[in-house]
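Structural overview for review
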Amino acid sequence: MDRSAGTTPSSEAATDAAADSSSAELVTAPAKEEGFHWRRALSESFTFLVIEQAYVVHTDFNWVVSENGVPFNHFWRDYKQSLSEWVHSGWNDGDPNWFGYVGHPIQGALTGFIQIQNDPSSEKLEFSRTKAYWWSRFKAALWNAAYSTQWNLGPLSEVTVEKYGTKTRPPWNDNGSFPCSRHCLTGVGQIDIVMTPLGGTGWLIGEDFLDSKIVRGVEGATRNRFLIDTARVALNPVRGGANMLHGNRPWYRASRDARVVSLFSDQKPAISVRETEETQGPAHGDVFLGYSRMGGAHCEVPISGAAVACGTLSATSSNLNGWDASVEKKYLRYFGAVADFSGQSGSVSQRNFLFGVRGGASVGRFRPFAEALFGAVHAQGSGSSLLKADTSFAEALGAGVDLRLMRLLSWRVQADEVKTGSPTFERRNLRLASGVAVQF
């Protein structure tokens, strides 16, 4: 008797039943809930912080280097003085009213959107009277409050960079003059710590409302992609800035964009969510090497901006020729960390060591970009010159464009304003550079 033949059908049935059971388990198994994207949210917030601090350093350069020309010199002593002054300060911090009642709420709204776009449970919610919507915006307000507290009072805040509330930076009158006689202002006050989270949350909800009630109406009335994208950006400008930090186009909406849309065409193919996420944070960058020229020096008196004759070393640190090399490593779709080194020579020998952030996006064969860099400039008399060497803190704000020649090879042209100086004078030089950039 063939026992194997008699048992085969039952074995096959058992196998099929096991397979069906396994399939049923796979189907009914609950999907793992996606959590908050902490690393990405912190990266976007830090990038925004660097951009804001670049503006601070540029506008108040003399106070940044007020301690012997070195930022953060006597850090803890000055920081404790600033915090003590803030505790005893009033509402007004001395900034124009639009800073406190418009500028800081915009800052708060943008950081709130950073939280929302990194929270899978919040990013697709639109304005509504639901518990889920209001809870999501409350969480955004908490992120906003944490960022604004660091911006105003944290270790990398306005007070530590600009020396607000310290003995190094004396109080001033309401009209900005020194010395102060009465109603003195110190740059610290309660206005920003309150208005940034409250006003920012209100601004964010206002953009949500406009998007839901007006932009949705435009989308229902036309299929013209240009009009839709324009309405989205015009009525939600702060969300547009947060979108770019997140690697999306300014007009992107997570609640209704199943594909990447174009400003000029409706014919983009659909892509998956995973493909979108993979393209938002590419692990690549570029290496640049080229010729550089440091233009003439322009020196001025801090605060007043009045032109002043440059010192001997500053005057000779002009019209220099040399090289420029940089490395950029992308960590967000549109942003990368940059290390830039250059050297020029002529009447003096000068070396620049700069680090910071670069942001740019490709448009066809072109990639325009802007950058904010911080570091040091070392200048020394060359040859038989008796000029003494000098090393000073420096900031460089600039822009440029890459023209793609081949798949991994581009030609770059860029210009940066390099700013150096001391508490008594500021020097600006225009640095031009051009050469090849190789992507990796």
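See above for the structure.
Now for a description of the structure that goes with this document. (Residues numbered from 1 in each chain as written. Predicted model: local features only at pLDDT ≥ 70, side-chain atom pairs only at ≥ 80, totals over all residues. Heavy atoms only, no water.)

Positive phi values are uncommon outside glycine, yet His-74 reaches one of about 55°. Mapped onto the fold, His-74 is located in the loop between α3 (61–64) and α4 (75–87). Although it is not a glycine, Asn-319 sits at a positive phi angle of roughly 50°. Tracing the chain through its elements places Asn-319 in the loop between α12 (312–316) and β2 (320–330). Judged by relative accessible area, Asn-319 falls into the partly exposed class, the value being 45%. (Helix = DSSP H or I, 4+ residues; strand = E, 2+ residues; numbered from the N terminus. Buried < 20%, exposed > 50% of the residue type's maximum accessible area, 1.4 Å probe, protein only.)

A few words on a nonpolar patch on the surface. A contiguous nonpolar patch, built from Phe-366, Val-401, Leu-405, Met-406, Trp-411, Val-413 and Val-436 and spanning about 620 Å² of accessible area, is present on the exposed surface. Mapped onto the fold, Phe-366 is located in strand β5 (residues 366–381). Residue classification places Phe-366 among the partly exposed residues on the basis of a relative accessible area of 47%. (Patch = residues over 30% accessible without salt bridge, like charges linked within 9 Å, V, L, I, M, F, W, Y side chains within 5 Å. Areas by Shrake-Rupley, 256 points an atom, 1.4 Å probe, with all protein chains shown as cover. Salt bridge = Lys/Arg side-chain N within 4 Å of Asp/Glu carboxyl O.)

The next point concerns empty space enclosed by the protein. Inspection of the entire model under this criterion finds 2 cavities of 30 Å³ or more. Here the largest cavity is characterised by a volume of approximately 70 Å³. Lining the largest cavity are Trp-86, Asp-93, Asn-152, Leu-153, Glu-158, Val-159, Tyr-164, Gly-187, Val-188, Gly-189 and Asp-192. Looking at the lining of the largest cavity, the elements that each hand over two or more residues are α6 (131–153) and α7 (158–162). In the lining of the largest cavity, the residues fall into 5 nonpolar, 3 polar and 3 charged. Put simply, the second largest cavity is a space of about 40 Å³. Elements with a contribution of two residues or more to the lining of the second largest cavity: α4 and α7. Looking at the lining of the second largest cavity element by element, the count peaks at 4 residues for α4. The class makeup of the residues in the lining of the second largest cavity is 4 nonpolar, 4 polar and 2 charged. (1 Å grid on protein atoms, 1.4 Å probe; cavity = no way out; pocket = protein on both sides within 12 Å on 5 of 7 lines; lining within 4 Å. Points joined across faces, edges and corners; volume = space filled by probe spheres on them. Nonpolar A, V, L, I, M, F, W, Y, C, P; charged D, E, K, R; others polar.)

Turning next to the pairing of strand β4 (residues 348–360). For a regular strand, side chains alternate in direction, first toward one face of the sheet and then toward the other. Pairing of strand β3 (residues 335–345) with β4 involves 11 bridges; the strand directions are antiparallel. Note on β4: the bridge partner recorded for Ser-342 is Asn-352. The turn joining β3 and β4, which pair antiparallel and follow one another in sequence, is formed by 2 residues. As paired elements, β4 and β5 share 13 bridges and run antiparallel to each other. Bridge pairing in β5 links Ser-349 to Gln-380. Linking β4 to β5, which pair antiparallel, is a turn of 5 residues; within it Gly-364 sits at a positive phi near 65°. (Pairing = 2+ DSSP bridges.)

Next up on the list: the environment of Ser-148. Tracing the backbone through its elements, the reader meets Ser-148 in helix α6. In the structure, Ser-148 is positioned 48 residues away from Thr-196 in sequence and 6.4 Å away in space, judged by C-alpha atoms. Those residues in contact with Ser-148, other than ones at most four positions away along the chain, are Gln-107, Ile-193, Thr-196 and Pro-197. (Contact = heavy atoms within 4.5 Å.)

Once that is clear, we can look at the packing of aromatic side chains. Under the definition given, this model contains 18 aromatic pairs. Between Phe-127 and Phe-209, the ring centres sit 5.4 Å apart and the planes meet at 90°, which makes this aromatic pair edge-to-face. On the criterion of sequence distance, the pair formed by Phe-127 in the loop between α5 (97–117) and α6 and Phe-209 in helix α8 (residues 191–221) is long-range, its members being 82 residues apart. Here Tyr-133 and Trp-134 contribute two aromatic rings whose centre-to-centre distance is 5.1 Å and whose plane-to-plane angle is 85°, an arrangement assigned as edge-to-face. Relative accessible area serves as the criterion here: at 0%, Tyr-133 is assigned to the buried category. Site record: aromatic cluster; members linked through ring pairs are Phe-72, Phe-75, Trp-76 and Tyr-79. (Phe/Tyr/Trp six-rings, centres within 6.5 Å; stacked < 30°, edge-to-face > 60°.)

Strand order in the closed barrel made by the 8 strands is β1-β2-β3-β4-β5-β6-β7-β8, with antiparallel pairing throughout. For this sheet, the mean inter-axis angle between neighbouring strands, taken without regard to orientation, is 25°. Pairing between strand β6 (residues 390–404) and strand β7 (residues 409–421): 10 bridges, direction antiparallel. Residue Gly-400 lies in a different strand from β7, and its bridge partner there is Gln-414. (Axes fitted to C-alpha atoms, helices over the stretch in contact; angles between N-to-C directions.)

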